[in-house]
Amino acid sequence: ALSALRLADYLRYMRGGSVREQAQAWARRYLNGSTASGLLWGFAAAAFYVPCSELHQAYILLVIGGLVAAASVTHSVFPPAFYGFAMPALLALVGRIVLELWSLDGDRSFAIAQGVLVGWYLFALHHLSRQIYERFVEAYRAQRDIEALAGNLFAQKQAVEHSNCELSAEIE
């Protein structure tokens, strides 16, 4: 249901034409959808976490980790959307791991390793997402500069051609 709502939002956005005046509203909708997805995946990770099965735990870590890795790329151009997805998805899983740590009587090493791994992973993806965002901003600014330079060059070319026409007329 959530994916269908997000798809409908995307299609409405693509049909919208000029969205500059509605950018804040669309950004809020995008952030809300991303956060809702993160909450849903985080809840699913916590709900399906099997305390006595390291295989199931590793599988859940891989699934959630893969989703957050994908979000670090797809949502990097709007950092709040990345954090809106990643934080609930991973923190719900970390919360579940912490609950398991409190309830374990024996060896806690696997649960501690999971918690450290998830924390490191979030830190690493934060930096990856940040770098992608910075490169995107640099590329956008460079494109704007190139377009401005091209416009100036075209104007100068027209001025030179006009001057050449005038000089040619004087010579004849």
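Residues numbered from 1 in each chain as written. Predicted model: local features only at pLDDT ≥ 70, side-chain atom pairs only at ≥ 80, totals over all residues. Heavy atoms only, no water.

Residue-level account of the side chain of Ser 72, with values.
Along the chain, Ser 72 falls in helix 3 (residues 54-74). You can call Ser 72 buried: its relative accessible area is 0%. Only 2.6 Å separates the side chain of Ser 72 from the backbone oxygen of Ala 69, close enough to count as a polar contact. (Helix = DSSP H or I, 4+ residues; strand = E, 2+ residues; numbered from the N terminus. Buried < 20%, exposed > 50% of the residue type's maximum accessible area, 1.4 Å probe, protein only. Polar contact = N/O pair within 3.5 Å; in protein donor to acceptor, adjacent residues only side chain to side chain.)

Explain the pattern of salt bridges to me, and be specific about the residues and the numbers.
Throughout the structure, instances matching the rule amount to six salt bridges. The partner of Glu 134 in a salt bridge is Arg 135, with the nearest N and O atoms 3.8 Å apart. Taking the shortest distance from any N to any O, the salt bridge between Arg 135 and Glu 138 comes out at 3.3 Å. With Arg 135 and Glu 138 both in helix 5 (residues 109-171), this residue pair falls three residues apart, about one helical turn. Classification of Arg 135 as partly exposed rests on a relative accessible area of 44%. When its relative accessible area of 46% is taken as the criterion, Glu 138 is described as partly exposed. (Salt bridge = Lys/Arg side-chain N within 4 Å of Asp/Glu carboxyl O.)

Give a description of the confidence of the model for the chain that names residues and reports values.
Mean pLDDT over the chain: 86, with 97% of residues reaching 70 or higher. Per-residue pLDDT, averaged within each element of the chain, yields its smallest value for helix 1 (residues 2-15) (82) and its largest for helix 2 (residues 23-47) (91). (pLDDT = per-residue confidence, 0-100.)

Help me get a handle on the packing of helix 2 against helix 3, residues and values and all.
Two elements in contact, helix 2 and helix 3, have axes separated by 10 Å at closest approach and are oriented at 170 degrees. Taken as axis vectors, helix 2 and helix 3 run roughly antiparallel relative to one another. Crossing angle aside, the handedness with which helix 2 passes helix 3 is left-handed. Facing Tyr 30, Trp 41 and Ala 45 of helix 2, the residues of helix 3 in contact are Ile 60, Val 63, Ile 64, Leu 67 and Thr 74. In terms of residue class, the contact of helix 2 with helix 3 is made up of seven nonpolar, one polar and no charged. (Axes fitted to C-alpha atoms, helices over the stretch in contact; angles between N-to-C directions. Parallel < 35°, antiparallel > 145°, perpendicular 65-115°, else oblique. Left-handed = near helix turned anticlockwise from the far one by under 90°. Contact = heavy atoms within 4.5 Å. Nonpolar A, V, L, I, M, F, W, Y, C, P; charged D, E, K, R; others polar.)

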